[in-house]
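Spelled out, the chains give:
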Amino acid sequence: MRYGLHALNNTELISASPLPSFSPSLSAMNPSDQFVEHGISQQNLKKTSCATLLTLAYQSLGVVYGDLGTSPLYVYKTTFSGKLSLKEDDEEIFGVLSFIFWTFTFIALFKYVFIVMSADDNGEGGTFALYSLLCRHARLSTLPNQQPTDEKLCAYAKEESEDTWQSNFLKKFFEKHPRFQKGLLIFVLLGTCMTIGDGVITPAISVLSAVSGVKVKINQLHDNYVVIISCVILVGLFSIQHHGTHRVAFIFAPIVATWLLCISGIGIYNIFHWNPQIYRALSPLYMLRFLKTNGIEGWLSLGGVVLSITGVETMYADLGHFSALSIKIAFTCLVYPCLILAYMGEAAFLSKHHYDIQRSFYKAIPEAVFWPVFIVATFAAIVGSQAVISATFSTISQCCALNCFPPVKIVHTSSRIYGQIYVPEVNWILMCLCLAVTIGLRDTNMMGHAYGLAITTVMFVTTCLMTLVIVLVWKQGIMKAIMCFLLFGTIELLYISASIYKVPEGGWIPLVLSFIFMVLMFTWNYGTIKTHQFDVENKVSMSRILSLGPCLGMVRVPGIGLIFSNLASGVPAIFGHFVTNLPAFHQVLVFVCVKSVHVPYVCENERLVISRVGPKEYAMFRCVVRYGYKDVQQENYNFENKLVSAMIQFVQVEEESEPEVPTHELSMDTENINVEGLGISPHTFSHCNADGHHHEPLYKYESLQILKAKESGVTYIVGHSYARAKKSSSILKKFAIDIVYAFLSKNCRDTDVVLNLAHTSLLEVGMVYNV
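Please read these numbers as outputs of a predicted model, since none were measured by experiment.

Rules used throughout
- Every chain begins its residue count from 1, and numbering advances along the sequence as written.
- With the structure being a predicted model, the display of local features is reserved for residues of pLDDT at least 70 and the display and counting of side-chain atom pairs for 80 or more, all residues being used for whole-chain, interface and lining totals.
- Note that water and hydrogens are dropped before the side-chain values are worked out from all heavy atoms of the structure.
- What counts as a helix is a DSSP run of H or I of at least four residues, what counts as a strand is a run of E of at least two, and both are numbered from the N terminus.
- Expected helix span is given by 1.5 Å per residue-to-residue step, counting one fewer step than there are residues.
- Bend, in this description, refers to the angle at a residue between axes fitted to the seven residues ending there and the seven starting there.
- For each residue, the accessible area found with a 1.4 Å probe, counting protein chains only, is set against the maximum for its type, and the residue is called buried under 20%, exposed over 50%, and partly exposed in between.
- A contact between two residues is defined here by any heavy atoms of the two lying within 4.5 Å.
- Residue types Ala, Val, Leu, Ile, Met, Phe, Trp, Tyr and Cys, when buried and joined through side-chain atoms within 4.5 Å, form a set referred to as a nonpolar core.
- By definition, no residue in a patch forms a salt bridge, and every one has over 30% relative accessible area; like charges are joined within 9 Å, nonpolar side chains (Val, Leu, Ile, Met, Phe, Trp, Tyr) within 5 Å.
- All accessible areas in this document rest on Shrake-Rupley with a 1.4 Å probe, and a residue is counted as covered only by the protein chains that are shown.
- Salt bridges are defined by distance alone: a side-chain nitrogen of Lys or Arg within 4 Å of a carboxyl oxygen of Asp or Glu.
- Fitted lines through C-alpha atoms serve as axes, helices being fitted only where they are in contact, and the angles separating the N-to-C directions of these axes extend from 0 to 180 degrees.
- An angle counts as roughly parallel when it lies under 35 degrees, as roughly antiparallel when it exceeds 145, as roughly perpendicular when it falls between 65 and 115, and as oblique in every other case.
- Handedness of each helix crossing follows the sense of rotation of the near helix against the far helix: counterclockwise by less than a right angle gives left-handed, clockwise gives right-handed.
- Charged means Asp, Glu, Lys or Arg here, nonpolar means Ala, Val, Leu, Ile, Met, Phe, Trp, Tyr, Cys or Pro, and polar covers whatever is left, Gly included.
- When the sulfur atoms of two cysteines come within 2.5 Å, that pair is taken as a disulfide.
- Each residue gets a pLDDT score, which is the predictor's confidence in that residue and runs from 0 to 100.
- In the analysis that follows, any N or O atom pair within 3.5 Å is treated as a polar contact, provided that within protein one partner can donate a hydrogen and the other can accept it, and provided that, for residues neighboring in sequence, both atoms belong to side chains.
- Think of it this way: DSSP has to see at least two bridges between two strands before they count as a pair.

> How do you make sense of helix α11 (residues 285-300) when you look at a structure like this?
Because each turn of an α-helix spans 3.6 residues, side chains separated by three or four positions end up pointing in the same direction. When the terminal C-alpha atoms of α11 are compared, their 19 Å separation across 16 residues is substantially less than the 22 Å that a helix rising 1.5 Å per residue should span. When the local axis directions of α11 are compared, the greatest deviation, roughly 125°, occurs at asparagine 294. Within α11 the residues assigned to the buried category are Tyr286, Met287, Phe290, Asn294, Gly298 and Leu300. Lining the buried residues of α11 we find α5 (91-115), α12 (302-305) and α19 (478-500).

Here is the structure:
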């Protein structure tokens, strides 16, 4: 084993003398394993072969571009679903194509590929990656239990560049005004909730749009049958989620690649067959003519144009599974040209077939290849939906890690590909909502209006966060940040305004979903913060508890007691409550705090931080278990053995400089101590000379005490704090705490379930407090 030492702030220790704390290395991982587990970008590998990059670029097609690639199914149909009509001069067709081309170029290519993807957090992308960067550089963290030792994590490293006056001003501004920190969190939650809403709408609109193509060949088929077939596919899609994406992921990339080549080939055919002059629409002048000619109807139609860039946020969010360069290669060399050709070809077809607008995509397919393309389109829609569902699972997992969502069951579905997870409760909720949207709306145009509002809101949140990143993280001038905001933010606000007008026609769906999720998430975050504040304000003095020992008849019983609390320093109130009612505690006592930090991943050798509580003779320790916001807390995590191993190593390091204990004081029979599974050999504790006599042990007496206590058994003491609003609180606060937060607390996963603690050795201590 390798062990890294980390200095702990002395104020966190109760003992008078500063003692070391450290993070034990619990597992070694070779570079090839790291490549498989975390992806190439997270390891910051500078040298990669061309073959590796091309392989990653190919694999990214199935995971990253499924949603973006299926947009041609419904873009033109939704754009012309209102009062916008096609005239003989084709100005509308040319104008819409011009908007699609320049929106795709500015937002997808310039903003995301060239700028946003450079703002990664240790190789991870997405809204939470930007937020975590800001939290680390500007100390905007809303997570409790953050310690100076967390900044020594290898993933926490920051560039050692000097602050500019602009970045320094923003940092001080946020420090002086905590309300703006909370406002930023709410803004991030808005984007997150819209992303969850995207996970509801994308499968519905993609599958229904693909299946509805069958009506081109079977005109008499009733809409009810199309809806039924779509619902059957959706139920099947959500039902196989528990198997994990990796079981079928090997066919995703070929499907999307085939789909992109099909639609680009059809696009080229339509351009030369129907209107070779369609390339003229790439001129931005046609956008101005379009708005001038069509006025308010042209502006409202932009709510459909924005659907052409659905999936660009997913492209950034899935950055951690691949490398930024591989995603850029796939986009610029294949995805971008294929989609542009597909949109140009469909526009060329529409210029000669004005009355086929609602079925233009399938009508534009040549008769000879219709059914093969229809089958590929259906599979591509399923792949795109799968990618969004997986991204929603990942988003929920990150929300749980940042105390913005109640802990739910998270299943790691792949032992080789890190980050592939399944959330059962969320999966079935998404399925019910998807079926409700599909059956309730039954119209892809209304779904498109809802879809447009969701994705434009998420993109605008990303633009605002990027503006702060440019100043606070990249230390660039304020003018560059303002230019970035004006260039991209203005475009996105234009599309948001057009989508908001469509709220009565389906745009209300993401608003309602986002409002519900935001209420739940903010209430949980508020209740969690209040719970931690109560624990901090009611910490118990260890000297007071021990001074009461004789009168309480307090005794030390054999075994190890693990007390789980939300505190990373000090003695929790539940311990005082426990010893007051049951004046006895274990021979070895460990205060355990499981917490999250603002980094995507925490290495195994930095997972546990061990320190001592009180004088050595108390045999009391503290263990802080740290997870990143994208880490999966494994249910088969061998926590008990790893903790004991870490404590023994801590004692060894701590006592290296102290006087040796006489041999006669170490009278325990080490041969009868079971150390199997700890990675420690009994021969480590003693050695013999050639004469066979027992000589000076290498480990001290306390190490043997820990092992002996482990043999006696481990008891888990978990505190349950029940929050209750004060009588003087407002009705809104009473509803939030006494009803919403209480319901979520009773139905979420507890620490004992997350760490797979044995219920036969579990002791729960409950406390009720007013907030």
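> Looking at this structure, I do not really get the nonpolar core. What am I missing?
As a rule of thumb, nonpolar side chains are buried together in soluble globular proteins. In terms of nonpolar packing, the biggest core is built from 159 residues, with Tyr65, Tyr76, Trp259, Phe331 and Tyr362 touching the most fellow members. Look past the residues within four positions of tyrosine 362 in its chain and what remains in contact with it is Leu73, Ser209, Ala210, Gly213, Val216, Phe370, Phe374 and Ala377.

> Would you mind showing me how to read a nonpolar patch on the surface here?
A surface patch of nonpolar side chains, amounting to about 470 Å² of accessible area, comprises Trp508, Val512, Phe515, Ile516 and Val519. As for its placement among the helices and strands, tryptophan 508 is situated in helix α20 (residues 508-537). On the basis of relative accessible area, tryptophan 508 is assigned to the partly exposed category, the value being 41%.

> Teacher, can you tell me more about unusual backbone geometry here?
It is generally the case that most residues other than glycine have a negative phi and that most peptide bonds are trans. For arginine 442, which is not glycine, the phi torsion reads 55° and is therefore positive. If you trace the backbone, arginine 442 turns up in the loop between α17 (424-441) and α18 (444-472). Accessibility expressed as a relative area gives 38% for arginine 442, which makes it partly exposed. Backbone geometry places lysine 475, a non-glycine residue, at a positive phi of 60°. Assignment of secondary structure puts lysine 475 in the loop between α18 and α19. The buried category is assigned to lysine 475, whose relative accessible area is 12%.

> Mind showing me how you'd approach the pattern of salt bridges here?
Where charged atoms from two side chains of opposite charge approach closely, those side chains can pair. According to the stated counting rule, one finds 15 salt bridges in the structure shown. Taking the shortest distance from any N to any O, the salt bridge between aspartate 121 and arginine 136 comes out at 2.9 Å. One end of the pair, aspartate 121, is in the loop between α5 and α6 (127-138); the other, arginine 136, is in helix α6, and 15 residues separate them in sequence. This pair shows no difference in class: aspartate 121 is buried, exactly as arginine 136 is.

> What's the story with the packing of α5 against α18 in this structure? I'm lost.
Any two packed helices are characterised by the angle at which their axes cross and by the distance between the axes. Here α5 crosses α18 at 40°, and the two axes come no closer than 13 Å. With respect to each other, α5 and α18 are oriented oblique. The two elements α5 and α18 cross, and the hand of that crossing is left-handed. When α5 is examined against α18, the residues Ile107, Lys111, Tyr112 and Ile115 are found in contact with a partner set consisting of Met459, Thr462, Thr463 and Met466. Looking at the contact of α5 with α18 residue by residue, the classes come out as five nonpolar, two polar and one charged.

> Quick question: what am I supposed to make of helix α14 (residues 324-350) here?
With 27 residues, α14 extends 36 Å from end C-alpha to end C-alpha; this agrees with the ideal 39 Å at 1.5 Å per step. Along its length, α14 reaches its greatest deviation from straightness, about 40°, at phenylalanine 331.

> I would appreciate a short explanation of the state of the cysteines in the present structure.
As enumerated under the stated definition, the model contains zero disulfides in all. Cysteine 400 takes part in no disulfide bond, and the closest cysteine sulfur to it belongs to cysteine 399, at a distance of 7.0 Å.

> Explanation requested: the confidence of the model for the chain in the structure shown.
Residues shown with low pLDDT carry predicted positions that ought not to be read at fine detail. Per-chain confidence: the chain averages 80 in pLDDT, with 81% of residues scoring 70 or above. This model gives residues 1-20 a pLDDT under 50, and the stretch forms 49 contacts once residues within four places in sequence are excluded. Long-range and interchain partners of residues 661-673, a stretch whose pLDDT sits below 50, account for 20 contacts in this model, where long-range means more than four residues apart.

> I keep staring at the environment of arginine 626 and nothing clicks. Help me out?
With respect to the helices, strands and loops of the structure, arginine 626 is situated in strand β8 (residues 620-627). Assessed through its relative accessible area of 2%, arginine 626 is described here as buried. A distance of 3.3 Å separates a polar atom in the side chain of arginine 626 from a polar atom in the side chain of aspartate 150. At 2.8 Å, the side chain of arginine 626 forms a polar contact with the backbone oxygen of glutamate 606.

> In this structure, what is going on with the pairing of β8? I would like to understand it.
Residues in a regular strand point their side chains to alternate faces of the sheet. Across the eight residues of β8, eight count as buried, placing the element largely inside the fold. Alternating residues of β8 divide into Met620, Arg622, Val624 and Arg626 and Phe621, Cys623, Val625 and Tyr627, and every residue in both groups is buried. Looking at chain direction, strand β6 (residues 584-596) and β8 are connected through eight bridges and run parallel. For leucine 589, the partnering residue across the bridge sits in β8 and is methionine 620. For strand β7 (residues 608-612) and β8, the ladder comprises five bridges, and the chain directions are antiparallel. Each bridged residue has a counterpart across the sheet, and for valine 609 the counterpart in β8 is valine 624.

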